[in-house]
Amino acid sequence: MRPVKKYGSEHRGTVGVITSENPRMTCRNVNVYYGDKHAILDVSIDIGRNEVIAMIGPSGCGKSTFLRCLNRMNDTIDSCRVTGEIFLDDQNIYDKKIDVVPLRAQVGMVFQKPNPFPKSIYDNVAYGPKIHGLVQNKVEQDEVVETSLKKAGLWEEVKDRLAHPGTGLSGGQQQRLCIARTIAVNPEVILMDEPCSALDPIATAKIEELIDELRAHYTIAIVTHSMQQAARVSQRTAYFHLGDLIEVGETKQIFTNPSHRLTEDYITGRFG
Amino acid sequence: MSPSLLIPAIIVFTAVAYQLGLKRSHAVAGPDGPRSLHSRPIHYAVMVAMACAIPALMVFAVWHSCQSTIITQLVVAELPENIRSLPANRLNLVVNDIRNLVVGNVGVGDTVKPEILEAVDHYRSLSATSSAAMAVIVLLVGVIVALWARSLITPELRARNHVERIVRYFLILSSSFAIFTTIGIVLSVLFEALRFFKSVPLTSFLFGLEWSPQMAIRADQVGSSGAFGAVPVFAGTMLISAIAMLVSVPLGLMSAIYLSEYSPKAFRAVAKPLLEILAGIPTVVYGFFAALTVAPFIRESGAVFGLDVSSESALAAGLVMGIMIIPFVSSLSDDVINAVPQSMRDGAYALGATKSETIRQVVIPAALPGIVGGILLAVSRAIGETMIVVMAAGMAAKLTANPLQAVTTVTVQIVSLLVGDQEFDSPKTLAAFALGLILFIATLILNIIALYVVRKYREQYE
Ligand SMILES: Nc1ncnc2c1ncn2[C@@H]1O[C@H](COP(=O)(O)OP(=O)(O)OP(=O)(O)O)[C@@H](O)[C@H]1O
Ligand SMILES: [Mg+2]
């Protein structure tokens, strides 16, 4: 278990158990700055193997920012600066030697707004495996596309129109297409930033079911504004507040018996 | 009252009408205030203002355009019998004299006949009366219609709908200006071209391989009878445009990609305007550059390899033209590449795509319709460009695919056919219109194809 450095700083500290018995990713003393703005304050947390961890908190508290640290998507924002350590297994992903390209293939991400490429449904899914050389020939490629779409629960709906543009699908279908695209490159960790925020209850239920199935093979971190969703899909929950990680714990415990007053206020709906 | 006073008067009246409408609308609104009106007070005001200005201006326009014809006829009718019975073209000259005298254009040493002087006075008094009458009637019409419109104002009056309808008519009118101008240009070129095709058959123009438009001016002159085969001219245009596109598309596209995806913000802020300046340099300056710097350079480098390069070459003109149109490609492409949403790039990065894969396989395909648009704009610029070609590629209509030789283009030929003193009905000058027509049709087809391609692409990806 990696130690957490203690600073005599004014930040609020984290209540609960930040560590995991079988961690896949380990974050220690992570700080994120947008220019002068300090968006994430000294966050330390483990993300366990084959677990779904939910990140909740009021808008603007830094959930997306933290999630984007986990596969270095923040590198694309010029003003953004990250300090601290984040390990994927035993590799510090912020190490100078690490190349972000293979890292992002290992740590995939699904965004809040579905963003299919301006390509056909088939090519959307086949794109990742193709660039990473995961498929040798057309047959293998067809296979990857089919299994990924099946896992994402989209196959039945699109199998007759794989050549149609991915952008022509409905919002919920597009989001499942993006999930299929992400699992097609066979990542180890999947980050999901409010994947259901644009979806109706039926599509949401499908995606939640999918998350539950994916847990067997992947590690998943999901940001959500829906407390019910967090309770349904996750094993552990982390509560963020104004850039601080306030509390981490078993989902059941967080929702039934939160230790921190801020967590309790948030989940009982007193603010947020 | 002269028009220069009448127009301000109409403006003042309109402003007053606006105020009247505004006051009236508040008055009819009653105690509940303007909320009880169907439209906003400003709509009533604008309606009354329009009712004043539009009829007044219409009367003014009609009167002004008919005035001189009518006065002239009245004056002619008063002229003595011996002048009136002159043949039409002589009579026209007399009328012209009278008009010139009216505005004070008196030729030196001219002695003016008394009856003409009388006519001039008559003309002057008639036009003074007419101007005064016009002023009164125009303003009266404005006032009456405005008052009538004001009297219509009730809370139920749908003033907004009326105003918006009139505004819509104005918009339609404005947009049809461009359309009718285009139609007019096409028709005038078309009719002249048809006259040309009466003397030179269409097929020999379209498929003839020789272009030498010199015609014998007198029947007894020895020399050319003119050959109007347009193929060499069009081939020259295509050769030079192709060279220009070979230069500008790769350079423009790559600089657009660098500017939008790789360059630091500060560099882009400086480099992009600089690049756009290229488009603002007058083409004559490019012509100098092509003729005095590039062409000799090409000739000398050709000589090193033992190539025979003429001092004016398609290559020189094409290269310089390519540089000139780089900004058309790069600036537009840069804009559309920038408009590709960041979420698209994020999606690719999150799959582990490298920066260059993201650009080549996601960003560029998403931006392609706009890029194609920029390229087509550049093509039409290249086809229409004249000055550089005149100065650097020459006038010789040679049918060749060799970029090291002198060629000519459609626009250059049009210019050379029309400059100088020319009869406007010889096949030589009319040939210019035929060339223009074909050029127009060619670019039209190009644009239609482009629209089709772009739309096809959009359908597929949006
Ligand atoms: N690109 C950026 N530049 C500057 N500041 C940013 C940027 N992105 C986010 N921030 C700031 O960082 C803080 C955290 O933002 P973040 O997007 O992580 O919040 P969030 O918890 O995901 O909120 P939401 O639930 O609304 O998505 C906010 O105060 C935000 O204003
Ligand atoms: Mg967010």
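Residues numbered from 1 in each chain as written. Chains lettered and ligands numbered in written order. Predicted model: local features only at pLDDT ≥ 70, side-chain atom pairs only at ≥ 80, totals over all residues. Heavy atoms only, no water.

Draft legend 1. Here's a closer look at the overall build of chain B. Of regular secondary structure, chain B possesses 16 helices and 2 strands. The C-alpha radius of gyration of chain B comes to 32 Å, more than 25% above the 23 Å expected for a compact globule of 462 residues. In terms of its C-alpha atoms, chain B occupies a principal-axis envelope of roughly 85 × 80 × 40 Å. Within the span of chain B, comprising 462 residues, buried residues form 40% of the whole. Within the structure as shown, chain B displays about 24900 Å² of accessible surface, and the carbon and sulfur contribution to it stands at 68%. Positive and negative side-chain charges of chain B, numbering 30 and 28 respectively, have mean locations separated by a distance of 11 Å. (Helix = DSSP H or I, 4+ residues; strand = E, 2+ residues; numbered from the N terminus. Rg over C-alpha atoms; globule rule 2.2 N^0.38 Å. Buried < 20%, exposed > 50% of the residue type's maximum accessible area, 1.4 Å probe, protein only. Areas by Shrake-Rupley, 256 points an atom, 1.4 Å probe, with all protein chains shown as cover. Lys, Arg positive; Asp, Glu negative; His and termini not counted. Charge placed at Lys NZ, Arg CZ, Asp CG, Glu CD.)

Draft legend 2. Here's a closer look at the nonpolar core. Membership of the largest hydrophobic core comes to 54 residues, with the highest contact counts inside it found for Phe196(B), Phe205(B) and Leu435(B). For this core, the secondary-structure elements that each account for two or more residues are α6 (159-199), α8 (231-262), α10 (283-304), α11 (314-339), α13 (355-384), α14 (387-392), α15 (410-418) and α16 (427-461) of chain B. If sequence neighbours within four positions are ignored, Phe205(B) has contacts with Phe196(B), Phe197(B), Val200(B), Trp211(B), Phe228(B), Gly229(B), Ala230(B), Val231(B), Ala434(B), Leu435(B) and Ile438(B). Counting 40 residues, the second largest nonpolar core, distinct from the first, contains Ala54(A), Ala126(A), Leu154(A) and Cys196(A). (Core = buried A, V, L, I, M, F, W, Y, C linked by side-chain atoms within 4.5 Å. Contact = heavy atoms within 4.5 Å.)

Draft legend 3. Structural context of the environment of Thr263(A). Residues and elements named next belong to chain A. When you line up the elements, Thr263 lands in helix α10 (residues 261-267). Between the C-alpha atoms of Thr263 and Val15, which are 248 residues apart in sequence, the distance is 9.9 Å. When residues no more than four places from it in sequence are discounted, the contact partners of Thr263 are Tyr239, Ile246, Glu247, Ile254 and Pro258.

Draft legend 4. Up close: the site of ligand 1. Residue and element names in this part refer to chain A. Taken together, 13 residues lie around ligand 1, and Ser59, Lys63, Ser64, Thr65 and His225 are the ones closest in. Gly62 has a polar backbone atom sitting 2.9 Å from an oxygen atom of ligand 1. At the level of secondary structure, the elements contributing two or more residues to the shell around ligand 1 comprise β3 (37-48) and α1 (63-69). For the shell around ligand 1, the element with the highest residue contribution is α1, accounting for 3 residues. For the shell around ligand 1, the per-class residue count stands at 4 nonpolar, 6 polar and 3 charged. (Near = heavy atom within 4 Å. Polar contact = N/O pair within 3.5 Å; in protein donor to acceptor, adjacent residues only side chain to side chain. Nonpolar A, V, L, I, M, F, W, Y, C, P; charged D, E, K, R; others polar.)

Draft legend 5. Spotlight on the sheet that holds strand β5 (residues 80-88) of chain A. Residues and elements named next belong to chain A. With antiparallel pairing, the 4 strands of this open sheet are ordered in space as β3-β2-β5-β6. The open sheet is flanked by β3 and β6 (91-92), the only strands paired with a single partner. Sheet topology note: the strand β2 (residues 23-34)/β3 ladder contains 8 bridges and is antiparallel. Across the sheet, residue Cys27 finds its bridge partner in β3, namely Ile45. (Pairing = 2+ DSSP bridges.)

Draft legend 6. Spotlight on a nonpolar patch on the surface. Residue and element names in this part refer to chain B. Together, Phe440, Ile441, Leu444, Ile445, Ile448, Ile449, Tyr452 and Val453 give the surface a local cluster of nonpolar side chains, amounting to about 720 Å² of exposed area. Counting through the fold element by element, Val453 comes out in helix α16. Given the relative accessible area of 38%, Val453 is considered partly exposed. (Patch = residues over 30% accessible without salt bridge, like charges linked within 9 Å, V, L, I, M, F, W, Y side chains within 5 Å. Salt bridge = Lys/Arg side-chain N within 4 Å of Asp/Glu carboxyl O.)

Draft legend 7. Geometry of the pattern of salt bridges. On inspection of all chains with the given rule, the structure shows 23 salt bridges over all chains. Residue Asp334(B) pairs with Arg268(B) through a salt bridge whose shortest N-O separation is 2.6 Å. On the criterion of sequence distance, the pair formed by Asp334(B) in helix α11 and Arg268(B) in helix α9 (residues 265-280) is long-range, its members being 66 residues apart. Put simply, Arg24(A), Arg49(A), Asp89(A) and Glu188(A) are held in one network by salt bridges that share partners.

Draft legend 8. Representation of empty space enclosed by the protein within the structure. Residue and element names in this part refer to chain B. Under the counting rule described, the total for this entry stands at 1 cavity of 30 Å³ or more. Approximately 40 Å³ is the volume found for the largest cavity. Lining the largest cavity are Thr72, Val75, Val76, Leu79, Val95, Ile98, Arg99 and Tyr123. Of all elements in the fold, only α2 (41-78) and α4 (88-102) reach the threshold of two or more residues within the lining of the largest cavity. (1 Å grid on protein atoms, 1.4 Å probe; cavity = no way out; pocket = protein on both sides within 12 Å on 5 of 7 lines; lining within 4 Å. Points joined across faces, edges and corners; volume = space filled by probe spheres on them.)

Draft legend 9. Local environment of the confidence of the model for chain B. Residues and elements named next belong to chain B. For chain B, the mean per-residue pLDDT works out to 86, and 94% of the residues sit at or above 70. Taken element by element, the predicted model of chain B shows its lowest mean pLDDT in α16 (79) and its highest in helix α12 (residues 342-350) (93). Of the two predicted TM-score estimates for the complex, the pTM is 0.74 and the ipTM is 0.90. (pLDDT = per-residue confidence, 0-100.)

Draft legend 10. The domain arrangement of chain B, seen in detail. Here chain B is described as being made up of domain 1 (3-157) and domain 2 (211-458). Computed from C-alpha coordinates alone, the two centres of domain 1 of chain B and domain 2 of chain B are separated by 50 Å. (Domains from an automatic or database assignment.)

Draft legend 11. Structural view of α15(B). Those residues of α15(B) that sit buried are Val410(B), Thr411(B), Val412(B), Gln413(B), Ile414(B) and Leu417(B). Where α15(B) terminates, the next one or two residues include Gly420(B), which has phi positive at roughly 85°.

Draft legend 12. The arrangement of the interface of chain A and chain B in detail. Each partner contributes residues to the interface: chain A has 27 residues there, and chain B has 22 residues. Taking both sides of the interface into account, the surface hidden between chain A and chain B amounts to around 1900 Å²; carbon and sulfur atoms contribute 62%. Taken together, chain A and chain B are joined by 2 salt bridges. A salt bridge links Lys265(B) to Asp78(A); the shortest N-O distance between them is 3.7 Å. Inspection of the region where chain A meets chain B yields 5 residue pairs in polar contact (both at pLDDT 80 or more). A class-by-class count of the residues in the side of chain A that touches chain B yields 13 nonpolar, 9 polar and 5 charged. (Buried area = accessible area lost by both parts, 1.4 Å probe.)

Draft legend 13. Fine view of the pairing of strand β10 (residues 236-241) of chain A. All names here are of chain A. Of all 6 residues in β10, 6 are buried, a share of seventy percent or more. Bridging between strand β4 (residues 52-56) and β10 involves 4 bridges; their strand directions are parallel. When the sheet's bridge partners are listed, Met55 is paired in β10 with Ala238. Where β10 lies against strand β11 (residues 244-250), 6 bridges are found, and the strand directions are antiparallel. Within the sheet, the bridge partner assigned to Thr237 lies in β11 and is Gly249.

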